[in-house]
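Take a look at the letters that make up each chain.
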Amino acid sequence: MHNTRKIERIITGTRTTDSDGVHLTRVIGTPVLNMLDPFLLFDVFGSEEASDYIGGFPAHPHRGFETVTYMLAGKMRHKDSAENVGVIEEGGVQWMSAGKGVIHSEMPEQEEGLLAGFQLWVNLPAAHKMDKPQYQEYSQSEIPEERRGKSCRLKVIAGETSRGTRGIIKNDCVNPVFWDIHLEENAQFSDFVPESHHAFIYMIDGELIIGNSDKSLKPAQLAILSSAEQIAVVAQTDCRFLIISGQPINESVARGGPFVMNTQEEIKQAFSDYQSGQLV
């Protein structure tokens, strides 16, 4: 019997607004959970009220980490100073490595209806913080999907399952796992992630038992998982959830708004480069 990860802590997140008044829930990147190395931030957004999202995220800079946008519903247009332009639609993902610097915007490509999804910030190790920016964007149809009978299907955005389905995202810095899983009521799911990874499950819909816990994970809750080589869950209802994990970087982290470096001196340099037009 393999070691199975257990729930260490359940986080519900904090309602807030960001950029031009976008309403969201911040689950990682708060005083309650500042970070889960290598994950610096995890935001959840979702509303049918255009006023909650229409302002979007106008042009702003980044340096030293990666932003991941995964859409559940609606459309967002991305444009950046590296001359990348694209529209992320339902089920699509954009994985941008800001590296040494990029200025980008993410704006709603709609004026009404549901807009929902996630943004994850993934740290970069010092050796790669000043790399050239890179950009990966894929539609729902391009993301590999694995089915396990009639009761389980999963989209493999990053990482590889024990059945050999490999995610479409390439990242050699933290070797992330990013799976979007649907389970029918009473269905079981188990698979392996590297034991050294920090891992969490975010509940989108339904209820889920993780390991041999006596409590279930409910919608809008994030479970930080203990260290082990296997994740095993049982669906209490029809449900949908994310499994995300990554290799810790174990380096000092200095934050300055849109910049994440290793020292405050590097943060000051990032601001100076941005103000003088040398960020990119």
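Scroll up to find the structure.
Reading the values: rules and limits
- Residues numbered from 1 in each chain as written.
- Predicted model: local features only at pLDDT ≥ 70, side-chain atom pairs only at ≥ 80, totals over all residues.
- Heavy atoms only, no water.
- Core = buried A, V, L, I, M, F, W, Y, C linked by side-chain atoms within 4.5 Å.
- Buried < 20%, exposed > 50% of the residue type's maximum accessible area, 1.4 Å probe, protein only.
- Contact = heavy atoms within 4.5 Å.
- Pairing = 2+ DSSP bridges.
- Helix = DSSP H or I, 4+ residues; strand = E, 2+ residues; numbered from the N terminus.
- Axes fitted to C-alpha atoms, helices over the stretch in contact; angles between N-to-C directions.
- Salt bridge = Lys/Arg side-chain N within 4 Å of Asp/Glu carboxyl O.
- Expected span 1.5 Å × (residues − 1).
- Arc of directions from axis to C-beta.
- Phe/Tyr/Trp six-rings, centres within 6.5 Å; stacked < 30°, edge-to-face > 60°.

Draft legend 1. Looking closely at the nonpolar core. Ranked by size, the top nonpolar core spans 32 residues in total, and within it F42, F178, F200 and Y202 carry the most contacts. Discounting residues that sit within four places of it in the chain, F200 has contacts with I28, L36, F39, F42, L120, L222, A223, I224, L225, L242, I243 and I244. Grouped together as the second largest cluster of nonpolar side chains are 25 residues, I7, A199, M203 and L217 included.

Draft legend 2. Inspection of the pairing of strand β21 (residues 230-235) at higher detail. Pairing geometry for strand β16 (residues 188-192) and β21, over five bridges, is antiparallel. Bridging across to β21, F189 finds its partner in V233. Across three bridges, strand β18 (residues 208-210) lies against β21 in antiparallel orientation. By the bridge assignment, I209 is partnered in β21 with V234.

Draft legend 3. Structural context of the sheet that holds strand β15 (residues 177-183). Spatial strand order, β1-β20-β17-β22-β15-β14-β13: seven strands in an open sheet with antiparallel pairing. Across the chains shown, the open sheet's two edge strands, defined by having one partner strand only, are β1 (7-11) and β13 (145-148). Averaged over neighbouring strand pairs, the angle between their axes works out to 20° when direction is ignored. Note: β15 against strand β22 (residues 239-246), seven bridges, orientation antiparallel. Looking at the pairing, F178 lines up with I244 of β22.

Draft legend 4. View of the pattern of salt bridges. If you walk through the whole model with that rule in mind, you get eleven salt bridges. Two residues, R148 and D191, come together in a salt bridge whose shortest N-O distance is 2.4 Å. Taken together, the residues R148 in strand β13 and D191 in strand β16 connect sequence positions 43 residues apart. Two residues, R240 and D180, come together in a salt bridge whose shortest N-O distance is 2.6 Å. Separated by 60 residues along the polypeptide, R240 in strand β22 and D180 in strand β15 bring together distant segments of the chain. Residues joined in a network through salt bridges with shared partners are D18, R26 and D43.

Draft legend 5. Examining the sheet that holds strand β4 (residues 39-47) more closely. Taken together, seven strands build an open sheet; the order of strands is β2-β3-β4-β11-β6-β9-β12 and the sheet is antiparallel. The sheet terminates laterally at β2 (14-18) and β12 (134-138), the two strands that pair on one side only. Averaged over all adjacent pairs, the angle separating strand axes in this sheet is 20°, with direction ignored. In this structure, strand β6 (residues 65-73) lies alongside strand β11 (residues 115-123), joined through eight bridges in antiparallel fashion. Its bridge partner being in β11, V68 is matched across the sheet by L120.

Draft legend 6. Representation of helix α1 (residues 264-275) in the model. The terminal C-alpha atoms of α1 lie 17 Å apart, and with twelve residues this matches the ideal 16 Å at 1.5 Å per residue to within 8%. By the burial criterion, the buried members of α1 are I267, A270 and D273. Within α1, the buried residues cover an arc of 125° as seen down the axis, which keeps them to one side. The exposed residues of α1 that point more than 90 degrees off its buried face are E265, K268 and Q275. Residues of α1 that are buried in the fold lie against β23 (254-256) and β24 (259-261). In the stretch just after α1, G277 is the one whose phi turns positive, near 80°.

Draft legend 7. Molecular detail of the packing of aromatic side chains. In total, this model carries ten aromatic pairs according to the counting rule given. Relative to F178, the ring of Y70 lies with its centre 5.6 Å away and its plane at 80°, an arrangement referred to as edge-to-face. Remark: F178 occurs in strand β15 and Y70 occurs in strand β6; sequence separation between them is 108 residues. Each member of the pair, Y70 together with F178, is buried. Ring geometry for W179 versus F189: centroids 6.3 Å apart, planes at 85°, classification edge-to-face. Residue W179 is located in strand β15, and its partner F189 is located in strand β16; the two are separated by ten residues in the primary sequence.

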